[in-house]
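For reference, the chains in residue letters:
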Amino acid sequence: MAFLCRSAASLLKSPRAAPAVLSACRLYSSGGQYEYILVEKRGEKSDVGFIQLNRPKALNALCDGLMKELKQALDVFEADGEVGAIVITGSDRAFAAGADIKEMQNKTFQDCYRGDFLAHWNRVSQSKKPVIAAVNGFALGGGCELAMMCDIIYAGEKAQFGQPEILLGTIPGLVSKVYPVDQLVSEAVKCGEKIAANSKLVSAMAKEAVNAAFEMTLAEGNHFEKRLFHATFATGDQKEGMTAFVEKRKASFQDS
Ligand SMILES: C/C=C/C(=O)SCCNC(=O)CCNC(=O)[C@H](O)C(C)(C)COP(=O)(O)OP(=O)(O)OC[C@H]1O[C@@H](n2cnc3c(N)ncnc32)[C@H](O)[C@@H]1OP(=O)(O)O
């Protein structure tokens, strides 16, 4: 506890961190004026920081504003000496349906690279306090990764985890399933057909990220994956994939 208090105090003393932490404290202590999340302390002793993602109409898609608020709330709970653990949850229908596709649809590689898109997304994995994900409904793409960044995942019976980015012409896109013996090969071929219908260019990038991860530290692997993710924004297939989602139609990838 002494360590936590010192760490909180040093955060507040740090000239760079202080304004952000103090403004986040104001948001929290004034009952929570966040736009995209609900924040409170729970538990008999009010020692559990509770963050609920709250963009129900967009199935908690992780827009930039939401991720900034999540970082802010984590800063506040880390600086709060009473808080011993943090819970992140969504709604019954969706933990989070991934990064906000409408926000990403027209981004270029240059936008991603210059703005270091997703730079603050690792914040949850850097939390000094244990973080528990309570997942109901969809946990897709970045939503699945957000849950994976937590230390513990509790899943409701209807939780659905997935990495469907390949359908949008970006990375990653890996799925594993268990089948009865007699269906295994035909199901594997069906799976191959589904993969082959996506962008072959982007599939290769996804594989490159996964293979490279075996040779790298976690931080290096995260960085490499992010740069390849940025690189997909230079492809026509990312534009087609995300535009097709927004226009509610099937994507037609050209491997370009
Ligand atoms: C580094 C990280 C990268 C990524 O995370 S890329 C994103 C990965 N995620 C996905 O690809 C999932 C995208 N969403 C879906 O496939 C579907 O949604 C669901 C299967 C989750 C649910 O389908 P259904 O029940 O039919 O609902 P609905 O009408 O599609 O969604 C309700 C509203 O939510 C918006 N929405 C859903 N997911 C996202 C998203 N990820 N980004 C932005 N908006 C999203 C929709 O567009 C729609 O909105 P409106 O009512 O205005 O048409």
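Structure's up top.
The shown structure was predicted, so the numbers you read here are calculated from the model rather than taken from an experiment.

Draft legend 1. The site of the ligand, seen in detail. Taken together, 23 residues surround the ligand, and among them Arg93, Ala99, Ile101, Gly142 and Lys248 come closest. Arginine 93 places a side-chain nitrogen or oxygen 2.7 Å from an oxygen atom of the ligand. Within the contact set of the ligand, a nitrogen atom lies 2.9 Å away from a backbone nitrogen or oxygen of isoleucine 101. Protein burial of the ligand: of its 980 Å² of free accessible surface, 72% is covered by the chains. It is helix α4 (residues 101–104) that provides the largest number of residues to the shell around the ligand, a total of 3 residues.

Draft legend 2. Quick peek at a nonpolar patch on the surface. A cluster of nonpolar side chains, Met148, Ile153 and Phe161, forms an exposed patch at the surface whose accessible area comes to about 290 Å². If you trace the backbone, methionine 148 turns up in helix α6 (residues 142–149).

Draft legend 3. Local environment of the packing of aromatic side chains. Under the counting rule described, the total for this entry stands at 4 aromatic pairs. Ring centres of phenylalanine 117 and phenylalanine 233 lie 6.2 Å apart, and the angle between their planes is 80 degrees; this geometry places the pair in the edge-to-face category. Highlighted residues: phenylalanine 117 in the loop between α5 (109–114) and β5 (131–135) and phenylalanine 233 in the loop between α9 (218–232) and α10 (236–246), separated in sequence by 116 residues. This pair shows no difference in class: phenylalanine 117 is buried, exactly as phenylalanine 233 is. An aromatic cluster is present here, built from Phe117, Phe229 and Phe233 joined pairwise through their rings. The ring of phenylalanine 50 has arginine 42 lying over it, and the distance from NZ or CZ to the ring centre is 3.8 Å. Over the aromatic face of phenylalanine 117 sits the side chain of lysine 107, whose NZ or CZ is 4.7 Å from the ring centroid.

Draft legend 4. View of α6. Counted residue by residue, α6 has 6 buried out of 8 residues, so it is predominantly covered. Every buried residue of α6 is listed here: Gly142, Gly143, Cys144, Leu146, Ala147 and Met149.

Draft legend 5. Representation of the pattern of salt bridges within the structure. Evaluated as defined, the whole model comprises 12 salt bridges. Between glutamate 40 and arginine 42 there is a salt bridge whose closest N-O contact spans 3.0 Å. The exposure class of glutamate 40 is partly exposed, given its relative accessible area of 35%. Judged by its relative accessible area of 39%, arginine 42 falls in the partly exposed class.

Draft legend 6. Examining the sheet that holds strand β2 (residues 48–53) more closely. Within the open sheet, the 5 strands sit side by side as β1-β2-β3-β5-β7. Their pairing is mixed. With partners counted over all chains shown, the strands left at the sheet margins are β1 (37–42) and β7 (152–155), one partner each. Shown here is a sheet whose adjacent strand axes are inclined to one another by a mean of 20 degrees, direction ignored. In terms of strand pairing, β2 meets strand β3 (residues 85–89) through 5 bridges, oriented parallel. Bridging from a neighbouring strand, glutamine 52 pairs with threonine 89 of β3.

Rules and cut-offs
Residues numbered from 1 in each chain as written. Predicted model: local features only at pLDDT ≥ 70, side-chain atom pairs only at ≥ 80, totals over all residues. Heavy atoms only, no water. Near = heavy atom within 4 Å. Polar contact = N/O pair within 3.5 Å; in protein donor to acceptor, adjacent residues only side chain to side chain. Areas by Shrake-Rupley, 256 points an atom, 1.4 Å probe, with all protein chains shown as cover. Helix = DSSP H or I, 4+ residues; strand = E, 2+ residues; numbered from the N terminus. Patch = residues over 30% accessible without salt bridge, like charges linked within 9 Å, V, L, I, M, F, W, Y side chains within 5 Å. Salt bridge = Lys/Arg side-chain N within 4 Å of Asp/Glu carboxyl O. Phe/Tyr/Trp six-rings, centres within 6.5 Å; stacked < 30°, edge-to-face > 60°. Buried < 20%, exposed > 50% of the residue type's maximum accessible area, 1.4 Å probe, protein only. Lys NZ or Arg CZ within 6 Å of the ring centre and 35° of its normal. Pairing = 2+ DSSP bridges. Axes fitted to C-alpha atoms, helices over the stretch in contact; angles between N-to-C directions.

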